[in-house]
Amino acid sequence: MEHFLFNQLDFVRSQVLKAVEGISEETADRIPDGFRNSIRWQLGHIYVVLERFAFQFTGRPTLVPEGFKEQFEFKTSPLTAPPGLAVPTLQELTALLKEQPARIRQLAPYLQDEVPPYTTSAGMKLESLEQFLSFNLYHEGMHFSVIKQYKVLLAQ
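Residues numbered from 1 in each chain as written. Predicted model: local features only at pLDDT ≥ 70, side-chain atom pairs only at ≥ 80, totals over all residues. Heavy atoms only, no water.

**A closer look at helix 1 (residues 4–19)**
Note that an α-helix has 3.6 residues per turn; residues three or four places apart therefore point the same way. With 16 residues, helix 1 should reach 22 Å at 1.5 Å per residue; the first-to-last C-alpha distance of 23 Å fits that figure. Within the sequence span of helix 1, burial applies to Leu5, Phe6, Leu9, Val12, Arg13, Val16, Leu17 and Ala19. Seen end-on, helix 1 carries its buried residues on one side only, within an arc spanning 160°. In helix 1, the exposed residues that point more than 90 degrees away from the buried face are Phe4, Phe11 and Lys18. On its buried side, helix 1 packs onto helix 3 (39–54), helix 5 (90–105) and helix 6 (129–155). (Helix = DSSP H or I, 4+ residues; strand = E, 2+ residues; numbered from the N terminus. Expected span 1.5 Å × (residues − 1). Buried < 20%, exposed > 50% of the residue type's maximum accessible area, 1.4 Å probe, protein only. Arc of directions from axis to C-beta. Contact = heavy atoms within 4.5 Å.)

**Let's talk about the nonpolar core**
A general tendency of soluble globular proteins is for nonpolar side chains to be buried together. Formed by 22 residues in total, the largest nonpolar core has its most connected members in Ile39, Leu43, Phe68 and Ile147. Secondary-structure elements contributing two or more residues to this core are helix 1, helix 3, helix 4 (68–72), helix 5 and helix 6. A total of six residues in this core trace back to one element, the largest contributor, which is helix 3. Here isoleucine 39 is in contact with Val20, Ile23, Ala28, Arg30, Ile147, Tyr150, Lys151 and Leu154, once residues within four sequence places are set aside. (Core = buried A, V, L, I, M, F, W, Y, C linked by side-chain atoms within 4.5 Å.)

**Thoughts on unusual backbone geometry**
Trans peptide bonds make up the majority, and among non-glycine residues the majority have a negative phi. In the Ramachandran plot, lysine 75 falls in the positive-phi region, its phi being about 75° despite a non-glycine side chain. Along the chain, the position of lysine 75 falls in the loop between helix 4 and helix 5.

**A closer look at the pattern of salt bridges**
Applying the stated criterion across every chain, the model contains seven salt bridges. Between arginine 13 and glutamate 140 there is a salt bridge, with the nearest N and O atoms lying 2.7 Å from each other. Taken together, the residues arginine 13 in helix 1 and glutamate 140 in helix 6 connect sequence positions 127 residues apart. A relative accessible area of 3% places arginine 13 in the buried class. By relative accessible area, which is 2% here, glutamate 140 ends up buried. Between glutamate 73 and arginine 52 there is a salt bridge whose closest N-O contact spans 3.1 Å. You can see glutamate 73 sitting in the loop between helix 4 and helix 5 and its partner arginine 52 sitting in helix 3, a full 21 residues away along the chain. Like glutamate 73, the residue arginine 52 is buried in the burial classification. What emerges from the salt-bridge pattern is a single network uniting Glu25, Asp29 and Arg40. (Salt bridge = Lys/Arg side-chain N within 4 Å of Asp/Glu carboxyl O.)

In C-alpha cells, the structure reads:
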C-alpha cells in the first residue's frame, strides 16, 4: 500500500498549482507593498526547498536549474538577486513543480532511512526522509498561504 504522505504531497502541490492558474508573468513578478518577494519567488522557493529536503539532504542528486539557488533559496529576494540570472517563466516553474512529486514517489523505499540530522530555521530537527517530507507539508502550506495573500493584495 502506498504511503499516505505521497497523497498529501500531491494534494498540497495541486493546491499551489491551482492557485497560480491564470496568473500573468507581470503579476508573478509584482511584490506587494511591505513584502520582499513575489509569487514567482514563492514558486521557485517551494521547488528548491523540496529538492533539498528530498534529495540533497538525503545524499541524492538534485534537479535544480542553474541560477535557482541564487534566486530562490532561503533569505533571497528578487530585490537582491544577482544581475544577469535567467529568470524562469511561469510555464517553466509550473512544469518543474508538476513533475517533482513523481520523482519523490520513487524514494518510497527509503522513507525510514536515517540521514544526517538537520535543524530547520523554525527549529525542527529532521532525521529521516519521511520527516523531511512531512515537514515540507508545513513549509509548502505556508508559502501557499502567502501566494493566496499576494493574489488578494495585488488585485487591489
